[in-house]
Amino acid sequence: MFEVILTRRKRFGWRWQVCDQSGKIFADGFERTRPSAKYQGERALFFLLSQAYLRNPLGGLQRGLAG
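Rules behind the numbers
- Along each chain, residues carry numbers from 1 onward, in the same order as the chain's sequence is written.
- This being a predicted model, a pLDDT of at least 70 is required before a residue's local features are given, and a value of 80 or more before pairs of side-chain atoms are given or counted; all residues contribute to the totals for chains, interfaces and linings.
- Side-chain metrics rest on all non-hydrogen atoms present in the structure, leaving aside hydrogens and water.
- Runs of E in the DSSP output that reach at least two residues are strands. Runs of H or I that reach at least four are helices, and both are numbered from the N terminus.
- Burial classes: relative accessible area under 20% of the type maximum marks a residue as buried, over 50% as exposed, and values in between as partly exposed (1.4 Å probe, protein chains only).
- Two residues form a contact once any of their heavy atoms are found within 4.5 Å.
- Pairing between strands is defined by DSSP: at least two bridges between them are needed.
- Geometry is summarised by axes, namely lines fitted to C-alpha atoms with helices restricted to the contacting stretch, and by angles between N-to-C directions that run from 0 to 180 degrees.

Draft legend 1. Looking closely at the side chain of Q17. Along the chain, Q17 turns up in strand β2 (residues 13-20). For Q17, a relative accessible area of 12% gives the class buried. Those residues in contact with Q17, other than ones at most four positions away along the chain, are E3, V4, I5, I25, A27 and D28.

What follows is the structure, encoded as structure tokens:
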């Protein structure tokens, strides 16, 4: 499971990270505003999830048909 973490960086802006439950960082970045950091973090999360699906597109369908 992934999560997006937003961290305030004193007067410089906001840092965003996409991490797994163990804390391994898969994507990160820096934005001036919190809404922008939230958007970019969620965008990176969506990209990671879509890439995982594209690598195994039939995996989800096979599970759905079996149950």
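The rest of the description comes next.
Draft legend 2. Highlighting the sheet that holds β2. What the 3 strands build is an open sheet, ordered β1-β2-β3; its pairing is antiparallel. Here the strands that pair on one side only, and so sit at the sheet edges, are β1 (2-9) and β3 (25-31). Taken over all neighbouring pairs, the strand axes of this sheet differ in orientation by 15° on average, direction set aside. Pairing analysis gives 8 bridges linking β1 to β2, with the strands arranged antiparallel. Note that in β2 the partner of E3 across the bridge is C19.

Purely spatial values, then, with no claim about function.
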